[in-house]
Each structure stands twice: as C-alpha cells, then as structure tokens.
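Descriptive structure summary
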Amino acid sequence: MLPMNRETLVIEQAMVRALPAAHATQRMLDRVPGTELSFEYIFVSGAAIVNAPSAAQSLLMVLDGIQPVGVNVVMLDQYGLSQALGSIAASNTLLPAQIIESGAYTNLER
C-alpha cells in the first residue's frame, strides 16, 4: 500500500509506531523476562519504514515503536536482505556478517 496523501502517510506511520510496541517488544519480554530493551544494533525493514519520505522519519518511527534503552545503532534494510541472510546463516555463518559490513544496510544515525 502506498499512501496517497499526507493524511494516509501519517496514519501509516502511526501504525508503524504502535505495532512494535504492542506486539514484538512484549513478545521479546515474555521470552526473556527481566531484559532491558538495550541493543547494540537494531536492524529494521518493511515498506512503511524503508519508503518513508526521509531517513529522519524512518528513525523516529523505529525509536517510537520499540523505545530502546541506551546507545543503539539503527540499520535500515532498504533491499530486503534480512530474511535471506537469516536463511543463509544456517549454512554459512560468515556471509551474513560480511554483507552487513559491506554497506548493504544504511545506518540511520549518520
């Protein structure tokens, strides 16, 4: 879905902010009780985040959605590589690390 006007863009971005807080974050806290939301790297993907009008809006959606603690590096998966790297990691553990360091992901904090 592509937002047709500013109003639908704002609605889409509000959903992106609300869903991680309600679903993914709670799921992680259920699996690992007592964990703080502190991560060294945060990898994000998805059309709503990748296609945001600016990198700043992408970063704000991620930070509002998961509300991490501490200093984090947010990496944007513009090309949809994350799923493939997860599959490849089972057979070749070095390849995902090499691709991540190659510049295929965009650092949103620069």
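In this report, the structure presented in the accompanying data block is examined. This one's a predicted model, so the numbers in the text were calculated from it and none came from an experiment. Counting starts from 1 at the beginning of each chain's written sequence and moves along it residue by residue. With the structure being a predicted model, the display of local features is reserved for residues of pLDDT at least 70 and the display and counting of side-chain atom pairs for 80 or more, all residues being used for whole-chain, interface and lining totals. Values shown for side chains rest on all heavy atoms present in the structure; no hydrogens or waters enter the calculation.

Under the DSSP-based scheme used, a helix requires at least four consecutive residues in state H or I and a strand at least two consecutive residues in state E, with every element numbered from the N terminus. Scanning the protein from terminus to terminus reveals six helices and three strands. Listed N to C, the secondary structure of the protein is α-α-β-α-α-β-α-α-β in terms of helices and strands. With respect to the three principal axes, the spread of C-alpha positions in the protein is 45 × 35 × 25 Å. Partly exposed residues are those whose accessible area sits between 20% and 50% of the maximum for their type, while under 20% is buried and over 50% is exposed, using a 1.4 Å probe and protein chains only. The buried share of the protein, reckoned over its 110 residues, is 26%. Looking at the protein alone, contacts between residues at least 24 apart form 71% of all its contacts between residues at least 6 apart. When the accessible surface of the protein is totalled, it reaches about 7,400 Å², and 59% of it is carbon and sulfur. Positive charge is attributed to Lys and Arg, negative charge to Asp and Glu, and no charge count is given to His or to the chain ends. Note on charges: their place is set at NZ of Lys, CZ of Arg, CG of Asp or CD of Glu. For the protein, the centre of its 5 positive side-chain charges and the centre of its 9 negative side-chain charges are spaced 3 Å apart. We call two residues in contact whenever any of their non-hydrogen atoms come within 4.5 Å of each other. All accessibility values rest on the Shrake-Rupley procedure with a 1.4 Å probe; residue burial counts only the protein chains present in the view.

We now examine the packing of aromatic side chains. Stacked, tilted and edge-to-face pairs are distinguished by plane angle, under 30 degrees for stacked and over 60 for edge-to-face with tilted covering the rest, among Phe, Tyr and Trp rings (Trp via its six-membered ring) whose centres lie within 6.5 Å. Inspection of every chain in the model, using the stated rule, returns two aromatic pairs. On the basis of an interplanar angle of 20 degrees and a centroid distance of 6.0 Å, the ring pair of Tyr41 and Phe43 is categorised as stacked. Residue Phe43 is classed as partly exposed on the basis of its relative accessible area, which comes to 36%. The rings of Tyr41, Phe43 and Tyr105 are connected pair by pair, giving a single aromatic cluster.

This part is about unusual backbone geometry. Of all residues except glycine, most have a negative phi; of all peptide bonds, most are trans. Phi angles above zero are rare outside glycine, and Gln67 is one such case at about 45 degrees. Here Gln67 lies in the loop between α4 (55-66) and β2 (73-76). On the basis of relative accessibility, which here comes to 57%, the residue Gln67 falls in the exposed class.

What follows deals with the pairing of strand β1 (residues 41-44). Burial along β1 is one-sided: the face carrying Ile42 and Val44 is buried and the face carrying Tyr41 and Phe43 is not. Sheet topology note: the β1/β2 ladder contains four bridges and is parallel. Residue Val44 lies in a different strand from β2, and its bridge partner there is Leu76. Only when DSSP finds a minimum of two bridges between them are two strands counted as paired.

Once that is clear, we can look at the environment of Asp64. Note on placement: Asp64 falls in helix α4. With a relative accessible area of 37%, Asp64 lands in the partly exposed category. Remark: the alpha-carbon pair of Asp64 and Ala14, spanning 50 residues in sequence, is separated by 9.5 Å. Polar contact is defined as a pair of N or O atoms within 3.5 Å, subject to the rule that within protein one atom must be able to donate a hydrogen and the other to accept it, and that residues adjacent in sequence are counted only when both atoms are side-chain atoms. A polar atom in the side chain of Asp64 sits 2.7 Å from the side chain of Arg17.

For this analysis, a nonpolar core means a set of buried residues of the types Ala, Val, Leu, Ile, Met, Phe, Trp, Tyr and Cys, connected via side-chain atoms within 4.5 Å. In terms of nonpolar packing, the biggest core is built from 13 residues, with Ile42, Val44, Ile49, Val62 and Val74 touching the most fellow members. Those residues within four positions of Ile42 in sequence are excluded, and the remaining contacts are Val62, Ile66, Pro68, Asn72, Val73, Val74 and Met75.

Attention now goes to the sheet that holds strand β3 (residues 106-107). Reading across from one edge, β1-β2-β3 is the order of the three strands in this open sheet, with mixed pairing throughout. At either end of the open sheet lies a strand with only one pairing partner, and these are β1 and β3.

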